[in-house]
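# Observations on the model geometry
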Amino acid sequence: MNNDYREVNQNEQEEQQIYLETPIYKEAVNHFRTTQYYFISFNSLKIGCGFALLYMNHEQTYLNYWILAIMFHAFIMIIIHKNHLKYLTMNKRVLAYKLDQIVAAPIVDQVIESRKLNILSRQIKLEIVKMTIFGKWCCRIITIIYQFIFGYGVYLFCIYYSMKSAELMNQYYFLCAILIISLYQYIDLYLILVFAILGSPFLLIFGCYYCANLFGKEQQRNEIRTRLQGIKYKPNLIEGEQECCICRCPYELNEEVVVLKCSKLHHYHETCIMSWVNINNTCPFCRKSI
Ligand SMILES: [Zn+2]
Ligand SMILES: [Zn+2]
């Protein structure tokens, strides 16, 4: 009776322990949330400053249009980030399963490496972006183009307009600051892009060289294949062991057999030596070139 009770109790305990999120996942979720809040507050700040600029520039109609555009963009960005946060709250558990961050027993002292944490929070972001409306590929492309137009185009125009008149110097500094912050958010992405563009001539040359090399090898193989003429197997035609040196199977009558020029004893099934030629152009037995 006592034993039974203990068993039941243990089972209950196990059930309670099952399916826990790993500490690193919880940390990554917090990390992701913080960045989303950062984006939301950054965009709210833009809207606030937009109002202030509108108030200051009541005579500069052109500049005002552009500022309104920036505020609109910031508003859309807030909606997107809020949407991500909402999705995360609703699907935290599902995401943990997807990212393999569910464990049976609680992990007490998991060392949280910042590198792993960054990777995980990036994965969380990717998953969320994929699942929300802006992650569908057509929406994604539109969002990227839209981001570029608003992120840089509109700011550049604003900077241009405010530069034209000396009274708008404050606005000019402010717009430059926002542009630099927007650039800084994706600095790693831009660096990769810059390196890719700088390295493209080398990549192109390397690619051509690689293709030519591949093509040359393929031609060499084809040439070897045509050179290796098979003969129909008859016991008196072959010297030495009456078996293929690759697969060690005895030859059957009328099977296609290839005897290499290196030695009369080095003979193989035609199919065996042909598949060998794909990876090597030497005799599998003595390593002399075929
Ligand atoms: Zn064989
Ligand atoms: Zn050989």
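As the structure is a computational prediction, the values presented were derived from the model and not from experiment.

### As for the overall build of the protein
When helices and strands are tallied, the protein shows eight helices and five strands. Each helix (α) and strand (β) of the protein, taken in turn from the N terminus, gives the series α-β-α-α-β-α-α-α-α-β-β-β-α. Taken over C-alpha atoms, the radius of gyration comes to 34 Å for the protein, far larger than the 19 Å a tight globule of 290 residues would show. If you line up the protein on its principal axes, its C-alpha atoms span 105 × 85 × 30 Å. The buried share of the protein, reckoned over its 290 residues, is 17%. The long-range share in the protein, meaning contacts at least 24 apart out of those at least 6 apart in sequence, stands at 64%.

### Remarks on unusual backbone geometry
You will see that D100, though not glycine, has its phi angle at about 65 degrees, which is positive. Note on placement: D100 falls in the loop between α3 (61-98) and β2 (102-103). A positive phi is found at R287, a non-glycine position, where the angle reads about 65 degrees. In this fold, R287 is placed in the segment after α8 (270-277). Since 9 C-beta atoms lie within 10 Å of it, R287 is described here as exposed.

### Quick word on the sheet that holds strand β4 (residues 256-259)
Sheet architecture is open: three strands sit in the order β3-β4-β5, paired in antiparallel fashion. With one partner strand each, in any of the chains shown, β3 (231-232) and β5 (267-269) form the two edges of the open sheet. Examined bridge by bridge, β3 and β4 share two bridges and lie antiparallel to one another. Among the inter-strand pairings, I231 is bridged to a residue of β4, identified as V257.

### Things to note about the UniProt feature "domain: RING-type" (unreviewed entry) in the protein
The residues that UniProt annotates with the feature "domain: RING-type" (unreviewed entry) are residues 244-287. Taken end to end, residues 244-287 comprises 18% helix and 16% strand; its first and last C-alpha atoms sit 16 Å apart.

### Re the domain arrangement of the protein
By domain assignment, the protein separates into domain 1 (2-185), domain 2 (191-227) and domain 3 (229-290). Of the residues lining the interface, four residues belong to domain 2; the matching set on domain 3 comes to five residues. Class assignment of the residues belonging to the side of domain 2 that touches domain 3 gives a composition of one nonpolar, one polar and two charged.

### A word on the packing of α3 against helix α4 (residues 114-131)
Axis separation between α3 and α4 bottoms out at 10 Å; the angle between their running directions is 115 degrees. Classified by the angle their axes make, α3 and α4 are roughly perpendicular. Between α3 and α4 lies a crossing of right-handed hand. On α4, the residues touching H84, Y87, L88, L95 and K98 of α3 are I124, E127, I128 and M131. Here the contact of α3 with α4 is composed, by residue class, of six nonpolar, one polar and two charged.

Calculation notes
- Residues numbered from 1 in each chain as written.
- Chains lettered and ligands numbered in written order.
- Predicted model: local features only at pLDDT ≥ 70, side-chain atom pairs only at ≥ 80, totals over all residues.
- Helix = DSSP H or I, 4+ residues; strand = E, 2+ residues; numbered from the N terminus.
- Rg over C-alpha atoms; globule rule 2.2 N^0.38 Å.
- Buried ≥ 20, exposed ≤ 12 C-beta atoms within 10 Å, placed from the backbone.
- Contact = placed C-beta atoms within 7 Å.
- Pairing = 2+ DSSP bridges.
- UniProt positions renumbered as here; feature names shortened; annotations may be inferred.
- Domains from an automatic or database assignment.
- Nonpolar A, V, L, I, M, F, W, Y, C, P; charged D, E, K, R; others polar.
- Axes fitted to C-alpha atoms, helices over the stretch in contact; angles between N-to-C directions.
- Parallel < 35°, antiparallel > 145°, perpendicular 65-115°, else oblique.
- Left-handed = near helix turned anticlockwise from the far one by under 90°.

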